[in-house]
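# Breakdown of the fold
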Amino acid sequence: MSKLLIVIPAHNEEANIARVVEDLTAHYPQYDYVVVNDGSRDKTAAICRARGYRLIDLPVNLGLAGAFQTGLRYAAENGYDCAMQLDADGQHKPEYIATMLAELEDGADIVIGSRFLTVKKPKSLRMLGSYIISWSIRLTTGRAICDPTSGMRMFNRNMLTEFAQNLNYGPEPDTISYLIKNGATVKECQVEMGERTAGQSYLNLINSIKYMVQMSISILLIQWFRKRDTETPYPERSL
Amino acid sequence: MDQPIIRLCLIIGSLITAGFILRRVRLAKVQIEDTIFWLAFSLILLVLAIFPGIAYWASTLLGFISPINFVYILIIFLLLAKQFFMSIRISQMDSKLRILAERIALNEEKVERDKLDL
C-alpha cells in the first residue's frame, strides 16, 4: 500500500480540530496525518500540542495555499508516496480515503473527492460558482470536472513534489485545469460531505464573488500563458 | 480624444502592460492573483481607446472641458486605489517579516542555550 499523508490545514479551528483528528486516529490509524496550523489566533495550536497531535505550526498566516504547500513539502521531504487535503472543519469524511487511494493507485495523478459525480448538482445560488468553474474547465480543457471546488483532493508523488516547489500551484480549480491541459490524469470519486458544525467559514458573499471572478479569469485567460517546468526534480534541489 | 495619436498610444500602452504581465506569468515570476488588476487595467485602457464615445459621454456628465481629462482622472484613480491596497499589503508583509525574524532568532537562541547547558 502507498504511504499516504493527510494534510489538515487549520486556521482558527479550535472548535473542530480535536474531533477531526480524534476520528482519524481512532478509526484510520493506518494513515499518517499532519496538522498545519496557519497562524491561528485562537487555541488551535495549543490544543494540538496538549493532545500530542503531529503539528506544523506556521508563525504567520499564509492562507490556505501556503498552509497546504507546507504540508506537501513535509510529504515530499519525508518520502510519502501521496498526500491529500482534509479540511479541519469536519466537512471531509475520512471513510472515503480508501476509495480515493484505490483510484490514485489505479493510475491517476490527482483524485478529487467529488460531491456531484453520481449525485445531481443542485441548481442553487451557492452552486452557481461551481457551475461557472466547471463550465470554464470544460471549455478550456474539454474535460468534465463535476466538483472543481471540492477541497478534498489527493495527489501522487509527482504531483506533490510539483506542488511543493512551485509558484502558482494553489490547491484551487485553476491549478487543476492547468494540469489537465498539461497532460495530468485527474479522476473524480463520489463522496459525501458534512456541513460545517462550528466556527466561521472564510467564504462570505464578497469573498465568494472575488474568488469566482479570480478563478474564472485565471482558468479562461491566464492559464493559457503558463509554461510547465518539470526540469529539476525536487530531491536534487533541496534535500 | 479625436486625436488618433493619443488613442494609438493608449492601445500600445494597454498591449504592453498585458504582454509584460502575461510574460511574468509564463516565467512563473508573479502570483496569478496579482495579475488580475493589471489585466483589468489594460482592458480598460483598450476599451477607452477603441470607444472614445465613452470618454466623451463621461466628460460631459462630469463637466470636464476635454474628454482626455476623464481618461487621466480615471487612470489616476485606478493607480491611487492600487497604491492604497499595496500600502496595506506592504504593511502586513512588514509585520509578518518582523514576526518571522523574531521567531528565527528566538529559536536560534533556544538551540544555543541547549548547547551551552550540555
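None of the values given here were measured: they were computed from a predicted structure.

Let us now look at the overall build of chain A. Assigned secondary structure in chain A consists of 9 helices and 7 strands. Compactness check: chain A gives a C-alpha radius of gyration of 17 Å against a globular reference of 18 Å for 239 residues, within 12% of the reference. Viewed in the frame of its principal axes, chain A has a C-alpha envelope of about 50 × 45 × 35 Å. Taking all 239 residues of chain A together, the buried fraction comes to 42%. Put simply, of all contacts in chain A between residues at least 6 apart along the chain, 77% involve residues at least 24 apart.

Moving on to the overall build of chain B. Helix and strand counts for chain B stand at 4 helices and 0 strands. Starting at the N terminus, the α and β elements of chain B follow one another as α-α-α-α. Its C-alpha atoms give chain B a radius of gyration of 23 Å, clearly above 13 Å, the size a compact globule of 118 residues would have. Taken along the three principal axes of its C-alpha coordinates, chain B extends 80 × 35 × 20 Å. The buried share of chain B, taken over its 118 residues, is 14%. When contacts within chain B are restricted to residue pairs at least 6 apart in sequence, those whose partners lie at least 24 apart make up 48%.

The subject of this paragraph is the sheet that holds strand β7 (residues 186–190) of chain A. Paired through their backbone hydrogen bonds, the strands of a sheet run either parallel or antiparallel. All names here are of chain A. What the 7 strands build is an open sheet, ordered β3-β2-β1-β4-β6-β5-β7; its pairing is mixed. The sheet is open, and its two edges are formed by β3 (55–58) and β7, each paired on a single side. Along the sheet, successive strands turn relative to each other by an average axial angle of 20 degrees, direction set aside. In this structure, strand β2 (residues 32–38) lies alongside β3, joined through 4 bridges in parallel fashion. What sits directly across from D38, in β3, is L58.

All names here are of chain A. Considering the arrangement of structural elements, one finds I219 in helix α8 (residues 205–220). Along the chain, I219 and G170 lie 49 residues apart, while their C-alpha atoms are 13 Å from each other. If sequence neighbours within four positions are ignored, I219 has contacts with I133, S136, I137, T140, P173, D174 and S177.

To continue, consider the interface of chain A and chain B. Every contact between the two is made by 14 residues of chain A and, on the other side, 14 residues of chain B. The element that contributes the greatest number of residues to the side of chain A that touches chain B is α8(A), accounting for 3 residues.

A few words on the nonpolar core. V7(A), I8(A), A83(A), I110(A) and L160(A) are the most contacted members of the largest nonpolar core, which has 56 residues in total. Top contributing element to this core by residue count: strand β1 (residues 4–10) of chain A, with 6 residues. Residues L10(B), A49(B), A55(B) and V71(B) belong to the second largest nonpolar core, which totals 7 residues.

Residues and elements named next belong to chain A. For helix α4 (residues 97–105), the full list of buried residues reads I97, M100, L101 and L104. Along the axis of α4, the buried residues cluster in a sector spanning 100 degrees; they form a single face. Elements that come into contact with the buried residues of α4 comprise β1, β4 (82–85), β5 (110–114), β6 (153–156) and β7.

The buried count for helix α7 (residues 173–181) of chain A comes to 8 of 9 residues, which makes it a mostly enclosed element. Considered for burial, the residues of α7(A) that qualify are P173(A), D174(A), T175(A), I176(A), S177(A), Y178(A), L179(A) and I180(A). Next to the buried residues of α7(A) lie β5, α5 (125–141), β7 and α8 of chain A together with α2 (32–50) of chain B. Of the residues flanking the end of α7(A), it is G183(A), one or two places downstream, whose phi is positive at about 95 degrees.

Residues and elements named next belong to chain A. The alternating pattern of β6 places R153 and F155 and M154 and N156 on opposite faces, both of which are buried. Bridge count between β4 and β6: 3 bridges; the pairing is antiparallel. Each residue of the ladder has a partner; that of C82, found in β6, is N156. Note: β5 against β6, 3 bridges, orientation antiparallel. Bridge pairing in β6 links I112 to R153.

Further remarks concern the packing of helix α3 (residues 63–77) of chain A against helix α6 (residues 157–165) of chain A. Residues and elements named next belong to chain A. Here α3 crosses α6 at 125 degrees, and the two axes come no closer than 8 Å. With respect to α6, the axis of α3 lies oblique. Helix-helix and strand crossings are classified by hand; for α3 and α6 the assignment is left-handed. Only L160, T161, F163 and A164 of α6 make contact with α3, whose side of the interface consists of Q69, L72, R73, A75 and A76. Among the residues making up the contact of α3 with α6, the classes are represented as 6 nonpolar, 2 polar and 1 charged.

Below, the discussion takes up unusual backbone geometry. Here N168(A), not a glycine, exhibits a phi torsion of approximately 65 degrees, which is positive. With respect to the secondary-structure elements, N168(A) resides in the loop between α6 and α7. Phi angles above zero are rare outside glycine, and A28(B) is one such case at about 55 degrees. A28(B) gets classed as partly exposed once you count the C-beta atoms within 10 Å, which come to 15.

About the cut-offs
- Residues numbered from 1 in each chain as written.
- Chains lettered and ligands numbered in written order.
- Predicted model: local features only at pLDDT ≥ 70, side-chain atom pairs only at ≥ 80, totals over all residues.
- Helix = DSSP H or I, 4+ residues; strand = E, 2+ residues; numbered from the N terminus.
- Rg over C-alpha atoms; globule rule 2.2 N^0.38 Å.
- Buried ≥ 20, exposed ≤ 12 C-beta atoms within 10 Å, placed from the backbone.
- Contact = placed C-beta atoms within 7 Å.
- Pairing = 2+ DSSP bridges.
- Axes fitted to C-alpha atoms, helices over the stretch in contact; angles between N-to-C directions.
- Core = buried A, V, L, I, M, F, W, Y, C linked by C-beta atoms within 7 Å.
- Arc of directions from axis to C-beta.
- Parallel < 35°, antiparallel > 145°, perpendicular 65-115°, else oblique.
- Left-handed = near helix turned anticlockwise from the far one by under 90°.
- Nonpolar A, V, L, I, M, F, W, Y, C, P; charged D, E, K, R; others polar.

Just distances and angles here, no functional claims.
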